[in-house]
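# Structure at a glance
The primary structure of each chain is shown beneath.
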Amino acid sequence: MKKILFAAIALFLCGKCMAQEQLAFPFQGGKEVMTRFFKDSLVVSPAIVQRKAAGLAIFKFTADEKGSIRKIIIYYADDLLLTQPIIEALKKSNNKWIIPDHEKFHDFILPFTIGFNPPAVGNTALQKAIYNFYTHRKPVLTYNQVPLDMATLLPTVVINYDLVP
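Residues numbered from 1 in each chain as written. Predicted model: local features only at pLDDT ≥ 70, side-chain atom pairs only at ≥ 80, totals over all residues. Heavy atoms only, no water.

Moving on, we come to the packing of aromatic side chains. Taken as a whole, this structure holds eleven aromatic pairs when the rule is applied. Between Phe27 and Phe37 the ring centres are 5.5 Å apart and the planes differ by 45 degrees, which places this aromatic pair in the tilted class. With a gap of ten residues between them, Phe27 in the loop between helix H1 (2-18) and helix H2 (31-41) and Phe37 in helix H2 connect regions that are remote in the sequence. For the residue pair Phe27 and Phe37, the accessibility class agrees, reading buried in each case. (Phe/Tyr/Trp six-rings, centres within 6.5 Å; stacked < 30°, edge-to-face > 60°. Helix = DSSP H or I, 4+ residues; strand = E, 2+ residues; numbered from the N terminus. Buried < 20%, exposed > 50% of the residue type's maximum accessible area, 1.4 Å probe, protein only.)

Residues three or four positions apart in an α-helix share a direction because the helix packs 3.6 residues into each turn. Taken residue by residue, H2 has Met34, Thr35, Phe37, Phe38 and Ser41 as its buried positions. One face of H2 carries all of its buried residues, which in axial projection span an arc of 160 degrees. Among the exposed residues of H2, those pointing more than 90 degrees away from its buried face are Glu32 and Asp40. Buried-residue contacts for H2 involve helix H4 (83-92), strand S3 (105-117) and strand S6 (157-162). (Arc of directions from axis to C-beta. Contact = heavy atoms within 4.5 Å.)

Per the stated rule, a full pass over the model turns up four salt bridges. The partner of Asp107 in a salt bridge is Lys60, and the shortest N-O contact between them spans 3.5 Å. Placement of the pair is Asp107 in strand S3 and Lys60 in strand S1 (residues 55-64), with a sequence separation of 47 residues. Judged by relative accessible area, which is 5%, Lys60 ranks as buried. (Salt bridge = Lys/Arg side-chain N within 4 Å of Asp/Glu carboxyl O.)

This brings us to the pairing of S6. Residue alternation in S6 divides its side chains into a buried set, Val157, Ile159 and Tyr161, and an unburied set, Val158, Asn160 and Asp162. By the bridge criterion, six bridges tie S3 to S6 in an arrangement that is parallel. When the sheet's bridge partners are listed, Ile114 is paired in S6 with Ile159. (Pairing = 2+ DSSP bridges.)

Once that is clear, we can look at the packing of H2 against H4. Running from N to C, H2 and H4 cross one another at 125 degrees; their axes reach a closest spacing of 9 Å. When the axes of H2 and H4 are compared, the pair comes out oblique. As for how H2 packs across H4, the hand of that crossing is right-handed. On H4, the residues touching Phe37, Phe38 and Ser41 of H2 are Ala89, Leu90 and Lys92. Class assignment of the residues belonging to the contact of H2 with H4 gives a composition of four nonpolar, one polar and one charged. (Axes fitted to C-alpha atoms, helices over the stretch in contact; angles between N-to-C directions. Parallel < 35°, antiparallel > 145°, perpendicular 65-115°, else oblique. Left-handed = near helix turned anticlockwise from the far one by under 90°. Nonpolar A, V, L, I, M, F, W, Y, C, P; charged D, E, K, R; others polar.)

The following block contains the structure:
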């Protein structure tokens, strides 16, 4: 009888140890709502459209227990031009972030990809503008080590804009 009781307690403890904490998606409403929010909130500047800019930007930001953003760090960006609209959209997302119960602050890593919808018919002027942006871009890099701590990597937000004819 003692062996059965001991085995049952051992199984119960093993089951408790193996259970992982299930966290809700850290944006109010879930992944689809977050993606839609950033697609609606991120306003592509005329300078981006004019230069036919496209690329990747990776941000780390800290949210507090109220869901407010405390600090924003640029990990990487293909060009500084891409970062300003993203920072403005991140500021609009205040009070929408959900952090785990036992924390006062939580870090998130959020990648953005900005590109344009290609026209049906390509031309050499467009190709030249894209090449010109690519050769003259000034990437933003992190040279010092930035601690990741307990950061949550979020899915990439893809933003596409239309070129003005």
